[in-house]
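For reference, the chains in residue letters:
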Amino acid sequence: MYEDVIKRKNEIIQKAVGIDYSKFEIKGIAFDYDRMMKEVSYSLDEIRKIQSETQVGNTPLVELKNLTKLIRKISKPEKGARIFLKDESANPSGSFKDRRASVSIYHAKNHGYKGVIAATSGNYGAAVASQAAKYGLRAIIVQETFDSNHVGQPEILEKGRACEAYGAEVVQLTVGPELFYYTLKLLDETGYFDASLYTPFGIAGIETLGYEIATQVKSRYGRFPDAVIVTHAGGGNVTGTARGLKKAGAKTKVIGSSVDLRGLHMASDHDFNRKSFTTGHTGFGIPFSAYPDRVDVPRNAARSLRYLDRYVLVTQGEVFFTTEALAQVEGMMRGPAGNTSLTAALSIAKEMDEDQIIVVQETEYTGAGKLPSAQLTFAKKMGVIVKNGNSIKEDVPGKVIAIPESIEQIGIIEYPLENIKKSYVKESIKAYGKSEFSDVEKKFMAEDTNSNSQEIDKMLEEVLKDGKA
Amino acid sequence: MAEKGDWVKIHNVVLDPSNRVSSLPADTKKVPLEAWINGFLNEDGEIGEMVEITTLSGRIVSGTLAEVNPRYIHDFGNPVPELLKIGPNLKKQLEEGSV
Ligand SMILES: Cc1ncc(COP(=O)(O)O)c(C=O)c1O
């Protein structure tokens, strides 16, 4: 049964997304990413129109004046950039994921699909359910919700509740990557559209976010933002936002940030409920940036390494601190994932000049299950030690959450892009079962990692040497 | 006893431990992959019995009746002492030295 379904994967997916990926293949690892992005989806103008018809996008850009003031108090003279926040919680289902869902569901409707399916434990489920409601399509969301003791992660339970409230059927599963098998079975059974997170539709839908940030800042301050900071999980958020900034003509630095959960295994039944963040963390961020083509569709449209200028990590304790700070000094109670990049922004703003602008590109709705109080109560119940302290030094994913007592303790962990690029090369060798790549392939690998051919050669050499040692 | 038309939750074992993918960590590999789905009960049934439901997407699915009127139990949690001083301290810092 399992093997039969997995064997038919390509056939099922092709029918369910309606994209002939073979058209874009070049040779081996190489494929024509730019042509795929251009031909499969819709233009930026078309997407702006699609989104405006379902109340998606055009969210407020808010200056965080009190947080900026606090950061300047602890910065060197003339340092401390102005911090802005794009309030994506103003989207219909409460996060930027509506942008992603809007294009897929529009496309599904126009191509005669009766319903849509998405495999996601995140906000994307609610976004798909909400857009499906608007277009009169049926929706099924497949979630990884429980550990083997039937204990549900509160944040995921809340996201499931939201999906159901928007009228979707929710399948709640226990931990494991076979969620993919279950989803394939459903796609096959129903003939519904696969609202995959990783098709060109989903990524193009996020371009409007980057575009809006660039134009909002430009029209108010006569210049583009100096840096935009993006919470990174599967990498779609970074990819779409960066592409949108580019389309607006902005040469803004794109910084990715994830919560540090290194050491926890993403497919472990035990570790599952010892994470206080269910997305925007290193468990997705590091593997997906290093090797994007590990997803349901043959070619992932989310390729963050092409766009990242920098990648930083923050701790769980720091994000809880920042979430409290945002509520209490800015009067904005917003959800967990976006506050990952806000945490990093507090730290990075200190390095930047006073007249510079850094934009945190999202917020999400919050409430039961999602709030720091809900997550920390749950963490304590699961045996995680929660205390006050210096997070960067004392946080141990799955074991200790140290919550800073003051804003001076907020810092970042630099994660060198070189490490990710090297993993990309390593994974490519593994996936294609060879150590020699043609010039065409190497050219593609260089583009895919934002490096040049010589750097690829050098990394290939290093990885092969490491492998032999 | 649940009646036809009641809003219920059903349970299924999707994969026994022996059928799970080989690459899983040991702790996950030794437990089954399970699924729960909500829907409207198609015929009267008892908890623990095999029943059939119609889901919100209109699918008909069978499984073991697990719960009637399934409730979401996630909440806001307890007050967390480690968080409570963050706001007041920041407010004090903002007031200090303001011109
Ligand atoms: C609110 C929010 N922010 C950020 C992310 C990360 O986006 P991506 O997976 O595209 O990197 C997610 C998705 O998981 C999310 O729900």
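Scroll up for the structure.
About the criteria used
Residues numbered from 1 in each chain as written. Chains lettered and ligands numbered in written order. Predicted model: local features only at pLDDT ≥ 70, side-chain atom pairs only at ≥ 80, totals over all residues. Heavy atoms only, no water. Helix = DSSP H or I, 4+ residues; strand = E, 2+ residues; numbered from the N terminus. Buried < 20%, exposed > 50% of the residue type's maximum accessible area, 1.4 Å probe, protein only. Contact = heavy atoms within 4.5 Å. Near = heavy atom within 4 Å. Polar contact = N/O pair within 3.5 Å; in protein donor to acceptor, adjacent residues only side chain to side chain. Areas by Shrake-Rupley, 256 points an atom, 1.4 Å probe, with all protein chains shown as cover. Nonpolar A, V, L, I, M, F, W, Y, C, P; charged D, E, K, R; others polar. Domains from an automatic or database assignment. Axes fitted to C-alpha atoms, helices over the stretch in contact; angles between N-to-C directions. Parallel < 35°, antiparallel > 145°, perpendicular 65-115°, else oblique. Left-handed = near helix turned anticlockwise from the far one by under 90°. Pairing = 2+ DSSP bridges. Right-handed = clockwise from strand over helix to strand, strands pointing away. Expected span 1.5 Å × (residues − 1). Core = buried A, V, L, I, M, F, W, Y, C linked by side-chain atoms within 4.5 Å.

### A short note on the environment of Ile71(A)
Residues and elements named next belong to chain A.
Piece 1. Inspection of the secondary structure puts Ile 71 in helix α5 (residues 65–73).
Piece 2. The buried category is assigned to Ile 71, whose relative accessible area is 1%.
Piece 3. Along the backbone, Ile 71 and Leu 346 are 275 residues apart, and their C-alpha atoms lie at a distance of 6.7 Å.
Piece 4. Those residues within four positions of Ile 71 in sequence are excluded, and the remaining contacts are Gly 80, Ile 83, Leu 346, Ala 349, Lys 350 and Ile 407.

### Here we look at unusual backbone geometry
Piece 1. One non-glycine residue, Gln55(A), lies in positive phi territory at about 60°.
Piece 2. Within the secondary structure, Gln55(A) sits in the loop between α4 (44–53) and β3 (61–63).
Piece 3. For Gln55(A), a relative accessible area of 55% gives the class exposed.
Piece 4. Phi angles above zero are rare outside glycine, and Asn69(B) is one such case at about 55°.
Piece 5. Summarising the element assignment, Asn69(B) is placed in the loop between β4 (60–68) and α2 (81–84).
Piece 6. Given the relative accessible area of 56%, Asn69(B) is considered exposed.

### Digging into the site of the ligand
All names here are of chain A.
Piece 1. Of all residues adjacent to the ligand, which total 15 residues, the nearest are Lys 97, Ala 233, Gly 234, Thr 279 and Glu 362.
Piece 2. Lys 97 is positioned such that a nitrogen or oxygen atom in its side chain is 2.9 Å from an oxygen atom of the ligand.
Piece 3. At 2.7 Å from an oxygen atom of the ligand is found a main-chain nitrogen or oxygen belonging to Asn 237.
Piece 4. Contact with the protein chains removes 96% of the 390 Å² of surface that the ligand exposes when unbound.
Piece 5. Elements with a contribution of two residues or more to the shell around the ligand: α6 (97–110) and α11 (236–247).
Piece 6. Residues of the shell around the ligand, tallied by class, amount to three nonpolar, eight polar and four charged.
Piece 7. Looking at which domains feed residues into the shell around the ligand, each of domain 1 (2–51 + 95–197) and domain 2 (52–94 + 201–414) supplies at least three.

### A word on the packing of α6(A) against helix α7 (residues 123–135) of chain A
All names here are of chain A.
Piece 1. It is the contact of α6 with α7, at a shortest axis distance of 8 Å, that shows an interaxial angle of 40°. Considering the angle they form, α6 stands oblique to α7. Handedness of the α6/α7 crossing: right-handed. On α7, the residues touching Lys 97, Asp 98, Arg 100, Ala 101, Ser 102, Ser 104, Ile 105, Tyr 106 and Lys 109 of α6 are Asn 123, Tyr 124, Ala 127, Val 128, Ser 130, Gln 131, Ala 132 and Tyr 135.

### Side note on the sheet that holds strand β4 (residues 82–86) of chain A
Residues and elements named next belong to chain A.
Piece 1. If you trace the seven strands from one edge of the open sheet to the other, you get β3-β4-β12-β9-β10-β11-β15, paired in mixed fashion. At either end of the open sheet lies a strand with only one pairing partner, and these are β3 and β15 (413–414).
Piece 2. The sheet contact formed by β4 and strand β12 (residues 357–360) spans four bridges and is parallel. In the sheet register, Phe 84 faces β12, and the bridge partner there is Val 359.
Piece 3. The sheet contacts of helix α13 (residues 282–290) involve β10 (253–259) and β11 (310–314), and relative to β11 the element is tilted by about 160°.

### A word on the pairing of strand β7 (residues 169–174) of chain A
Regular strands have side chains that alternate between both faces of the sheet.
Piece 1. With respect to burial, β7(A) is a largely interior element, six of its six residues being buried.
Piece 2. Of the two faces of β7(A), both are covered, the one formed by Glu169(A), Val171(A) and Leu173(A) as well as the one formed by Val170(A), Gln172(A) and Thr174(A).
Piece 3. In terms of strand pairing, strand β6 (residues 138–146) of chain A meets β7(A) through six bridges, oriented parallel. The partner of Phe146(A) across the bridge, within β7(A), is Thr174(A).
Piece 4. Handedness of the crossover is the feature at issue here: the chain leaves β6(A), passes through helix α8 (residues 154–165) of chain A, returns alongside β7(A), and the resulting connection is right-handed.
Piece 5. The pairing of β7(A) with strand β2 (residues 33–41) of chain B spans three bridges and is classified as antiparallel. Pairing of Leu173(A) across the sheet is with Ala35(B), part of β2(B).

### Some thoughts on α8(A)
Residues and elements named next belong to chain A.
Piece 1. Compared with the 16 Å implied by 1.5 Å per residue over 12 residues, the 16 Å span of α8 between its first and last C-alpha is a close match.
Piece 2. Burial analysis of α8 places 10 of its 12 residues in the buried class, the great majority of the element.
Piece 3. Taken residue by residue, α8 has Pro 154, Glu 155, Ile 156, Leu 157, Glu 158, Lys 159, Gly 160, Ala 162, Cys 163 and Glu 164 as its buried positions.
Piece 4. The N-capping residue of α8, defined by a side-chain oxygen 2.8 Å from the backbone nitrogen of Glu 155, is Gln 153.
Piece 5. One or two steps after α8, the chain reaches Gly 167, where phi turns positive at roughly 95°.

### Brief notes about the nonpolar core
Residue and element names in this part refer to chain A.
Piece 1. Met 36, Val 116, Val 128, Val 171 and Tyr 182 are the most contacted members of the largest nonpolar core, which has 118 residues in total.
Piece 2. Of the residues forming this core, the biggest block, eight residues, is contributed by helix α10 (residues 200–221).
Piece 3. Val 128 has contacts with Ala 101, Ile 105, Val 116, Ala 118, Ile 141 and Ala 195, leaving out every residue within four places of it along the chain.

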